[in-house]
Amino acid sequence: MTGKKVEFLFLSQEDMIKAGVLDTKKCVEAIDEMFKLVAEGDYLMGGPFENDHGIRIYFPINKRFPNMPVAGPDRRFMAMVAYLGGRFNVCVDKWYGSNIANSRLGLPRSIHTITLNNVETGEPLAFMSGNLVSNMRTGAVPAVGAKYLASDQSEIVGMVGGGVISKATLRCLAYVMKNLKKVK
């Protein structure tokens with residue numbers, strides 16, 4: 001074996017928190033920048049039209065083999081690959097595993113891992129816990145919308161649901177809606 005040793009960061013959820021994954025300001029600003037790059041076309045996603053949201057495994061309704069899972073509520077595995085240009089210039093894969101029965105095991109319904117890769121060499125740059133990144137990214141999307149579309153005087157926001165995504169959304173909305181006083 002010859003050549004350079006491949007090294008990458010491994011970031012647990014605790015490492016992600018220390019790195020600033022919950023920094024609302026930076027998250028909203030990054031998602032705003034991402035939307036601008038997408039509008040310019042400086043991105044790629046999977047599939048022949050370069051815009052597929054991911055590829056998913058569909059489990060069968062009836063058991064085919066002793067260990068093969070069957071379809072169930074929210075049982076899915078997906079690989080969500082993309083390239084984002086600009087200053088990011090990175091390829092990413094978000095691996096999404098989900099099963100509603102996880103709560104009986106004390107686990108989140110969905111468990112995400114994210115791999116960042118060098119776009120030229122394919123080398124992994126980081127392998128990280130992805131739940132908090134995913135929560136904050138999802139919460140930042142409506143906040144970016146509110147940044148451009150909500151009145152500067154808006155004081156009330158309506159929310160549906162009370163899970164982790166709603167909490168991240170409210171956190172991000174509160175950052176952009178400086179006069180927010182009430183949540184319904």
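Everything quoted here is computed from the prediction, not taken from an experiment.

Concerning the pairing of strand 5 (residues 90–98)
Where strand 4 (residues 76–84) and strand 5 come together, 9 bridges link them in antiparallel fashion. Bridge pairing links phenylalanine 77 to glycine 97 in strand 5. Where strand 4 folds back onto strand 5 in an antiparallel hairpin, the turn is made up of 5 residues, including glycine 86, whose phi is positive at roughly 60°. With 9 bridges connecting them, strand 5 and strand 6 (residues 110–118) associate as antiparallel partners.

Description of a nonpolar patch on the surface
On the surface, Val6, Phe8, Phe10 and Phe127 cluster together into a nonpolar patch covering about 390 Å² of accessible area. As for its position among the elements, phenylalanine 10 is in strand 1 (residues 9–11).

Here we look at helix 2 (residues 24–40)
Given a rise of 1.5 Å per residue, 17 residues ought to cover 24 Å, and the 24 Å separating the end C-alpha atoms of helix 2 matches this to within 8%. Taken as a whole, helix 2 has its buried residues at Thr24, Cys27, Val28, Ile31, Asp32, Met34 and Leu37. Looking at the buried side of helix 2, the elements it contacts are strand 4, helix 3 (131–149) and helix 4 (164–176). A distance of 3.2 Å separates the backbone nitrogen of lysine 25 from a side-chain oxygen at the start of helix 2, and that oxygen is part of aspartate 23. Positive phi appears at glycine 41, one or two residues downstream of helix 2, with a value of about 90°.

Some thoughts on the pattern of salt bridges
Across all of its chains, the model carries 8 salt bridges by this definition. Of the charged contacts, one joins glutamate 29 and lysine 25 as a salt bridge, the two residues approaching to 3.0 Å between their closest N and O atoms. Residue glutamate 29 and its partner lysine 25 are located together in helix 2, separated by 4 residues, close to a single helical turn. By relative accessible area, glutamate 29 is classed as partly exposed at 37%. Accessibility expressed as a relative area gives 43% for lysine 25, which makes it partly exposed. The partner of arginine 109 in a salt bridge is aspartate 74, and the shortest N-O contact between them spans 2.5 Å. Highlighted residues: arginine 109 in the loop between strand 5 and strand 6 and aspartate 74 in the loop between strand 3 (55–57) and strand 4, separated in sequence by 35 residues. You can call aspartate 74 partly exposed: its relative accessible area is 21%. A network of salt bridges, in which partner residues are shared, links Asp32, Lys36 and Lys147.

About the thresholds
- Residues numbered from 1 in each chain as written.
- Predicted model: local features only at pLDDT ≥ 70, side-chain atom pairs only at ≥ 80, totals over all residues.
- Heavy atoms only, no water.
- Pairing = 2+ DSSP bridges.
- Helix = DSSP H or I, 4+ residues; strand = E, 2+ residues; numbered from the N terminus.
- Patch = residues over 30% accessible without salt bridge, like charges linked within 9 Å, V, L, I, M, F, W, Y side chains within 5 Å.
- Areas by Shrake-Rupley, 256 points an atom, 1.4 Å probe, with all protein chains shown as cover.
- Salt bridge = Lys/Arg side-chain N within 4 Å of Asp/Glu carboxyl O.
- Expected span 1.5 Å × (residues − 1).
- Buried < 20%, exposed > 50% of the residue type's maximum accessible area, 1.4 Å probe, protein only.
- Contact = heavy atoms within 4.5 Å.
- Polar contact = N/O pair within 3.5 Å; in protein donor to acceptor, adjacent residues only side chain to side chain.

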